[in-house]
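Residues per chain are reported as follows:
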Amino acid sequence: MFKKIGLALIACALVVAAFGQKQPNIIIILSDDAGYADFSFQSDRLIPTPHIDRIANEGAKFTNAYVSASVCSPSRAGLLTGINQPQFGHVSNYIKGVKYSIEQGQYGIPHNVKILPEYLKPLGYATAAFGKWHEGFATEFQPQNRGFDHFWGFLWGSNNYNPGTAKDVMENNQTVDPATIPYMTDAITNEALSFLSKNDKKPFFLYVAYNAVHSPMQAKPEHLKMFQDKFPDDKKRATLAAMTYSLDENVGKILSHLEKTKQLEHTIIFFLNDNGGSDHIAASNFPLRGFKGSLYEGGIRVPFAVRWPGQIKAQTVCNTTVSSLDILPSIMDAVGLQKHNVEGVSVLESVLHPQSYDSRTLRWKTGQRSGAIRTGNWKLIVNEDKEELYDLGADPSEKQNLLTSQPKVYKALKANYEQWFSSLPPAYFYPVSGSSAWKTAVSPNETRP
């Protein structure tokens, strides 16, 4: 026990040394539905993304990074709370047009579960959220009542991009006139930069949750022209490239602002995608199997990069298993808070002591019955009608089901999973219109703005 306390104090001392007496600024940049292979720090299969790459190149990229769900809302709930969200009953999306077991106003992260800004505000942080929320519609569940000083964005899971066409955009409690909103990716960045300009006297925490590149597929015409020749036979892929270009351009605006205001070296930046790439938008998860909504790697393994000045060396590549659940513990370590009731570990630990996490266990529950578990390189997928076992070290594309040839591994993983599953509360909301509604609620086709 005393050894752990001593290590924590040393970690805090290192952070103070790196940042002086100033608390670090913190930014989480979240993309939406993007493919595992669709940023150039991951592969060259789409387009160059130099500004997003910069976060990875000047810090670390994590090759075994996961989110806690394969669809938007539960994944974001896990990220914001640091708790694997099935532990508070959140296992599916809440989507327009689907009837649920609770009314729309009852949906949101429970009040007895703290989220990131609620830890930081008491420390004097200016806190703001921009873009997609998807964690509650009633006033009590909206960002400005969950620890964020300021919110500009929308509460549902998608929105239009084209200028003047966005729906139900809010600034705190006020509706924003669509006619004043430019291309949505630009608009989110503009609001974030405006907030930074007005709050430069104290440390800040920004949650910049772009809806890019989630459907609808709407790119700027000038950007689309740039990529039509590269993808002459794939209009969706060309549009995706144009939307990704705009996303990267806007990440560059944030980095540029931080440089001009001499804040960049005092700012920790996390970049990741909210779930696996969506087949609906022609995202590529190469070499992974599956897409958003799936428990295969293509549904839950994501691009993840962290720039942490003074703590993570440039050009670091970390192959240790990490999770979006690690973001909150990382921030708690950075600001000197003791970690209570969170599941993850600091990414610094994964970088500095990877051998300690080689056999780490992660678990997923999707919907009411399906789930998965990964321990070390072994992964078991549990569905009602089928179970699959893969050695991800030898078979990251999940081509060879080893269920029958590795009975001891299967039994150990299944027992671990069942013990965890049995400890979970019931889902606090679920679709009630039958199997077709359930499929809609967990599918990647959330196209309704």
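Residues numbered from 1 in each chain as written. Predicted model: local features only at pLDDT ≥ 70, side-chain atom pairs only at ≥ 80, totals over all residues. Heavy atoms only, no water.

*Asks:* Please explain the sheet that holds strand S12 (residues 370-375) as it appears in this structure.
*Replies:* Strands belonging to one sheet form pairs held by backbone hydrogen bonds; the direction of such a pair is parallel or antiparallel. The strand order across the open sheet built from 4 strands is S11-S12-S13-S14, with neighbouring strands paired in antiparallel fashion. Looking along the sheet, the strands with just one partner apiece sit at the ends: strand S11 (361-366) and strand S14 (387-391). Averaged over neighbouring strand pairs, the angle between their axes works out to 10° when direction is ignored. Sheet topology note: the S11/S12 ladder contains 6 bridges and is antiparallel. Counterpart to Lys365 in the pairing with S12 is Gly371. Running at roughly 60° to strand S13 (residues 378-382), helix H11 (residues 407-422) makes contact with S11, S12, S13 and S14 of the sheet. (Pairing = 2+ DSSP bridges. Helix = DSSP H or I, 4+ residues; strand = E, 2+ residues; numbered from the N terminus. Axes fitted to C-alpha atoms, helices over the stretch in contact; angles between N-to-C directions. Contact = heavy atoms within 4.5 Å.)

*Asks:* Is there a simple way to explain empty space enclosed by the protein in this structure?
*Replies:* The gaps left among the atoms become clear once a water-sized probe is rolled over them. Enumeration according to the criterion identifies 2 cavities of 30 Å³ or more in this entry. Computed from the structure, the second largest cavity encloses a volume of approximately 50 Å³. Lining the second largest cavity, in full, are Tyr66, Val67, Ser68, Asn84, Ser323, Leu325, Glu343, Leu362, Arg363 and Trp364. Per-class residue counts for the lining of the second largest cavity are 5 nonpolar, 3 polar and 2 charged. (1 Å grid on protein atoms, 1.4 Å probe; cavity = no way out; pocket = protein on both sides within 12 Å on 5 of 7 lines; lining within 4 Å. Points joined across faces, edges and corners; volume = space filled by probe spheres on them. Nonpolar A, V, L, I, M, F, W, Y, C, P; charged D, E, K, R; others polar.)

*Asks:* Can you help me understand the pattern of salt bridges in this one?
*Replies:* When their charged atoms lie close together, side chains carrying opposite charge are able to pair. The full count for this structure, using the stated rule, is 21 salt bridges. Between Arg76 and Asp32 there is a salt bridge; the shortest N-O distance is 3.3 Å. Here Arg76 is found in helix H3 (residues 72-81), whereas its partner Asp32 is found in the loop between strand S1 (25-31) and helix H2 (50-57), with 44 residues between them in sequence. A relative accessible area of 0% places Arg76 in the buried class. Ionic pairing is found between Glu118 and Arg146, a salt bridge with its closest N-O pair at 3.2 Å. Remark: Arg146 occurs in the loop between strand S3 (126-132) and strand S4 (150-154) and Glu118 occurs in helix H4 (residues 116-120); sequence separation between them is 28 residues. Using a relative accessible area of 23% as the deciding quantity, one classes Glu118 as partly exposed. Counted as one network, the salt bridges with shared partners bring together Arg54, Glu58, Glu259, Glu265 and Arg307. (Salt bridge = Lys/Arg side-chain N within 4 Å of Asp/Glu carboxyl O. Buried < 20%, exposed > 50% of the residue type's maximum accessible area, 1.4 Å probe, protein only.)

*Asks:* I'm lost on the pairing of S1 in this one. Help?
*Replies:* When a strand is regular, its side chains alternate between the sheet's two faces. Where burial is concerned, most of S1 is hidden: 7 out of the 7 residues are buried. The alternating pattern of S1 places Asn25, Ile27, Ile29 and Ser31 and Ile26, Ile28 and Leu30 on opposite faces, both of which are buried. As defined by bridge partners, S1 adjoins strand S8 (residues 267-273) across 7 bridges and the pair is classed as parallel. Across the sheet, the residue bridging to Ile27 is Ile269, located in S8. Two elements, S1 and strand S7 (residues 204-209), share 5 bridges in a ladder whose sense is parallel. Counterpart to Ile28 in the pairing with S7 is Tyr207.

*Asks:* Which parts of the structure should I look at to understand the sheet that holds strand S6 (residues 174-175)?
*Replies:* Pairing within the open sheet is mixed, and its 10 strands lie in the order S6-S5-S4-S3-S7-S1-S8-S9-S2-S10. The sheet terminates laterally at S6 and strand S10 (316-323), the two strands that pair on one side only. Sitting on the sheet, H2 touches S1, strand S2 (60-66), S8 and strand S9 (304-307), and the angle it makes with S9 is about 65°.

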